[in-house]
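Listed here are the chains, written in short residue letters.
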Amino acid sequence: MGKEKKTESYDNGSYNYKMFKCFNRKFKINEVQPTDDVRDAFCQFSVGGGDGDSSDDGVMGAEQLCSFLDDNQVNSATTVAEAQRLIDEVIRRRHHVTRFTRHGLDLDDFFNFLFFDDLNPPITPHVHQDMSAPLSHYFIYTGHNSYLTGNQLSSDCSEVPVIKALQRGVRVIELDLWPNSTGTDINVLHGRTLTTPVPLITCLKSIRDHAFSSSPYPVIITLEDHLTADLQAKVAEMATQIFGQMLYYPESESLEEFPSPASLLHRIIISTKPPKEYLESRNPIGKQKENGNVSPSSEEETPGTEEIQTLESILFYQDCDNKSDSDQEEEEASEDQKPAYKRLITIHAGKPKGTVKEEMKVVVDKVRRLSLSEQELDRTCSSNSQDVVRFTQKNLLRIYPKGTRFNSSNYKPLIGWTHGAQMIAFNMQGYGRSLWLMHGMFRANGGCGYVKKPNFLMKKGFHDEVFDPKKKLHVKVYMGDGWRLDFSHTHFDTYSPPDFYTKVFIVGVPADNAKRKTRVIEDNWYPIWDEEFSFPLTVPELALLRIEVREYDMSDKDDFGGQTCLPVSELRPGIRSVPLYDKKGEKMKSVRLLMRFIFE
């Protein structure tokens, strides 16, 4: 049911619903009240209450709030001064007239404090992980075909999706580079499709202007290069002129270890395969592929090409360490290209040689990036899972959607994460449950776009450590609020208030996957469920808590009421305000849940 313009008004604290255009059904609006757990907590930590069991007359000052945050919310870092600032902010929002005379929280103030998601968030809101490890030690927020506004075949190419992705915290932007119709300039588009192009210079300027609007940590531009040597030189000139000192590239041709996010603050780095001539001078197989009309610098299938390839075919090209005579000639030819295109490539998309078992072994003096489709990842992980984990401990692995996802849908990211793949490339312009999981994972670590991989993925003996430690997460869903403010009173049901219920999922390794559901609360804009669920966890570091609110509909599909996804490893124990998001991942203005998290 579509959202209607909200024109109705309250009638003595109730809503009127018209039936058959002649009858009215009146439903009283019950103001939301503190739950028993909230009352008990206030009674325990407040002072100055009256006699009896009532806690309504008590006051919670800064010291008492600090004790509550320390004991109940497991937030020992809060000082009395910080607690006083929280109290002052709550009073400022709720009491315009008496804010200068009030110095503590009453029960209603305390209840509202718990419901302010910016003051009492469910996860840590700032960067708190070690950011000094190499890039290969982090999951990185990665986009796929970042310039597309819609589907993969006929939508417009634009800088707008790139800007939106950067503002959301995405740190890896993918651009497909093709010559324009005259062969004198560079366009960004999805090749061999009906997508309309956007000039490369427009995208680069947008990246420069918005790269660090939400995070100071490095932005990686992955290039799908289909250009001639002259246009590659033009790309190098554009990048250096537009990015200036923001552009990072190493002094040596290849890296022995990737730099850390902390060492690359406010820097932009480029990742692609070496230029076509560079590969051809080293590897005659590259020429064979070119004769077959496949660009050696293209990492992904374009629509119409064969999707399923063996990993051996992807990793077959040779990337020699010693320079040949033809390499030296190619370098001399590029002296006039200042700066040289290949010089700007920080993260090389390597072309290892040999079999999968051999080539997944870590090279001592060189790091590189590999790209696999979601199908290739499935096959490789089923037969060589330990090799994949070992490879990703030092190198970067990028996973991209299969070529038949024309509607810009996405795949399940957990198989890549559980094997250490850093770059799970997603179509950010769509929506759906898989994208919600991606949003949830990268809300971790302050939403900076880099999430430290679990220690067991960075140690040898992966299978010995995946089931240690074990934990149990208790999730209690108290109540919800805010739908009345964000939706028309007939949005969910034409003839009565909504019937909300909440679904709670754990998404992680197969042993951890679980789902639970609350009962349906009928005819109420302020549903109070007060239900608790327990989830045993084997790998909490990779588990995501997915929450979805639905409105029960007896005769049709249940209506969507909001969703969120949170990394379990980031959950803050205690009673927390959990804001909900729409289907596209945009935060709803008022809708939130009050929940409690406890770890055993």
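Every value quoted in this text rests on a predicted model; they were computed, and no experiment measured them. (Residues numbered from 1 in each chain as written. Predicted model: local features only at pLDDT ≥ 70, side-chain atom pairs only at ≥ 80, totals over all residues. Heavy atoms only, no water.)

(A) Inspection of the overall build of the protein chain at higher detail. A tally of helices and strands in the protein chain yields 18 helices and 21 strands. Out of the 600 residues belonging to the protein chain, those deemed buried represent 57%. Put simply, the protein chain shows about 26400 Å² of open surface, and 48% of that area lies on carbon and sulfur atoms. (Helix = DSSP H or I, 4+ residues; strand = E, 2+ residues; numbered from the N terminus. Buried < 20%, exposed > 50% of the residue type's maximum accessible area, 1.4 Å probe, protein only. Areas by Shrake-Rupley, 256 points an atom, 1.4 Å probe, with all protein chains shown as cover.)

(B) Spatial organisation of the environment of aspartate 117. In this structure, aspartate 117 sits in the loop between helix H4 (107–115) and strand E3 (138–143). For aspartate 117, a relative accessible area of 18% puts it in the buried group. C-alpha of aspartate 117 to C-alpha of serine 590: the two residues are 473 residues apart in sequence and 10.0 Å apart in space. Setting aside residues no more than four positions away along its own chain, aspartate 117 makes contact with Ser577, Pro579, Lys587 and Arg592. Within polar-contact distance, the side chain of aspartate 117 engages the side chain of lysine 587 at 2.8 Å. (Contact = heavy atoms within 4.5 Å. Polar contact = N/O pair within 3.5 Å; in protein donor to acceptor, adjacent residues only side chain to side chain.)

(C) Structural detail: the packing of helix H5 (residues 160–168) against helix H6 (residues 200–210). Interaxial distance between H5 and H6 falls to 9 Å at its minimum, and their mutual angle equals 20 degrees. It follows from the interaxial angle that H5 and H6 lie roughly parallel. The two elements H5 and H6 cross, and the hand of that crossing is right-handed. When H5 is examined against H6, the residues Val162, Ile163, Leu166 and Gln167 are found in contact with a partner set consisting of Ser206, Ile207 and His210. (Axes fitted to C-alpha atoms, helices over the stretch in contact; angles between N-to-C directions. Parallel < 35°, antiparallel > 145°, perpendicular 65-115°, else oblique. Left-handed = near helix turned anticlockwise from the far one by under 90°.)

(D) Quick look at the environment of histidine 266. As for its placement among the helices and strands, histidine 266 is situated in the loop between helix H7 (229–243) and strand E8 (268–272). For histidine 266, a relative accessible area of 43% corresponds to the partly exposed category. Separated by 20 residues in the primary sequence, histidine 266 and methionine 246 place their C-alpha atoms 6.5 Å from one another. Those residues in contact with histidine 266 that sit more than four places away from it in its chain are Phe212, Pro216 and Met246.

(E) Summary view of the environment of glutamine 44. Inspection of the secondary structure puts glutamine 44 in helix H1 (residues 36–45). Separated by 24 residues in the primary sequence, glutamine 44 and phenylalanine 68 place their C-alpha atoms 8.7 Å from one another.

(F) Representation of H5 within the structure. Of the positions making up H5, those classed as buried are Pro161, Val162, Ile163, Ala165 and Leu166. Of the surrounding secondary structure, the elements contacted by the buried residues of H5 are strand E4 (172–179), H6 and strand E7 (219–225). Positive phi appears at glycine 169, one or two residues downstream of H5, with a value of about 110 degrees.

(G) Here's a closer look at the nonpolar core. Leu175, Ile207 and Trp417 are the most contacted members of the largest nonpolar core, which has 72 residues in total. Counting residues per element, this core draws most heavily on H7, at seven residues. Each of two domains, domain 2 (135–274 + 354–457) and domain 3 (471–599), supplies a minimum of three residues to this core. Within the second largest apolar cluster, 66 residues are counted, among which are Ala41, Phe111, Trp436 and Trp525. (Core = buried A, V, L, I, M, F, W, Y, C linked by side-chain atoms within 4.5 Å. Domains from an automatic or database assignment.)

(H) How the structure looks around the packing of aromatic side chains. The final tally for this structure, using the stated rule, is 15 aromatic pairs. By way of ring pairs, the aromatic residues Trp483, Phe487, Phe492, Phe500 and Trp525 are connected into one cluster. A cation over an aromatic ring shows up here: arginine 93 above the ring of phenylalanine 116, its NZ or CZ 4.7 Å from the ring centre. Between the NZ or CZ atom of arginine 443 and the centre of the ring of tyrosine 581, over which it lies, the distance is 3.9 Å. (Phe/Tyr/Trp six-rings, centres within 6.5 Å; stacked < 30°, edge-to-face > 60°. Lys NZ or Arg CZ within 6 Å of the ring centre and 35° of its normal.)

(I) Representation of unusual backbone geometry within the structure. One non-glycine residue, asparagine 145, adopts positive backbone phi at about 45 degrees. Following the sequence through the fold, asparagine 145 ends up in the loop between E3 and H5. You can call asparagine 145 buried: its relative accessible area is 1%. Of note, the phi angle at histidine 266 is positive, near 55 degrees, even though the residue is not glycine.

(J) Geometry of the packing of helix H2 (residues 62–71) against helix H3 (residues 80–94). Two elements in contact, H2 and H3, have axes separated by 8 Å at closest approach and are oriented at 105 degrees. As judged from the angle between their axes, H2 and H3 are roughly perpendicular. Listed contacts from H3 to Ala62, Glu63, Leu65, Cys66 and Leu69 of H2 are Val80, Ala83, Gln84, Leu86 and Ile87.

(K) Examining the pattern of salt bridges more closely. Scanning all chains against the criterion turns up 19 salt bridges. For arginine 390, the salt bridge goes to aspartate 387, with nearest N and O atoms at 3.1 Å. With arginine 390 and aspartate 387 both in helix H13 (residues 374–392), this residue pair falls three residues apart, about one helical turn. On the basis of relative accessibility, which here comes to 5%, the residue aspartate 387 falls in the buried class. Ionic contacts of the salt-bridge type, sharing partners, join the residues Asp37, Lys476, Asp530, Glu532 and Arg596 into one network. (Salt bridge = Lys/Arg side-chain N within 4 Å of Asp/Glu carboxyl O.)

(L) Seen up close, the pairing of strand E21 (residues 587–599). Taken together, the eight bridges between strand E14 (residues 471–481) and E21 define a ladder with antiparallel strand orientation. The partner of aspartate 481 across the bridge, within E21, is arginine 592. Inspection of the sheet shows strand E20 (residues 574–581) paired to E21 by seven bridges, in the antiparallel sense. Along E21, the bridge assignment pairs proline 579 with arginine 592. What sits between E20 and E21 in their antiparallel hairpin is a turn of five residues, with glycine 585 showing a positive phi close to 90 degrees. (Pairing = 2+ DSSP bridges.)

(M) The arrangement of a nonpolar patch on the surface in detail. Together, Val520, Tyr552 and Met554 make up a nonpolar patch on the protein surface, roughly 320 Å² of accessible area in all. Considering the arrangement of structural elements, one finds methionine 554 in the loop between strand E18 (544–551) and strand E19 (559–567). (Patch = residues over 30% accessible without salt bridge, like charges linked within 9 Å, V, L, I, M, F, W, Y side chains within 5 Å.)

(N) Expanded view of the confidence of the model for the protein chain. This prediction gives the protein chain a mean pLDDT of 84; 80% of its residues lie at or above 70. The model gives residues 1–9 a pLDDT under 50, and that stretch makes 21 contacts with residues more than four places away or in other chains. Contacts of residues 284–296 to residues separated by more than four positions or lying in other chains number 16 contacts, the stretch itself having pLDDT below 50. (pLDDT = per-residue confidence, 0-100.)

(O) Region of interest: H7. Helix length check: H7 (15 residues) gives 21 Å between terminal C-alpha atoms against 21 Å at 1.5 Å per residue, within 8%. Those residues of H7 lying buried are Leu231, Gln232, Ala233, Val235, Ala236, Met238, Ala239, Ile242 and Phe243. (Expected span 1.5 Å × (residues − 1).)

(P) Structural view of the side chain of arginine 484. Inspection of the secondary structure assignment puts arginine 484 in helix H18 (residues 483–486). Classification of arginine 484 as buried rests on a relative accessible area of 14%. One polar contact links arginine 484 to tyrosine 526, side chain to side chain, over a distance of 2.5 Å.

(Q) Quick look at the side chain of arginine 405. Along the chain, the position of arginine 405 falls in the loop between strand E11 (396–400) and helix H14 (414–418). Look at arginine 405 and you get buried, because its relative accessible area is 16%. Sequence-distant contacts of arginine 405, that is, excluding residues within four places in its chain, are made with Gln152, Glu374, Asn410 and Tyr411.

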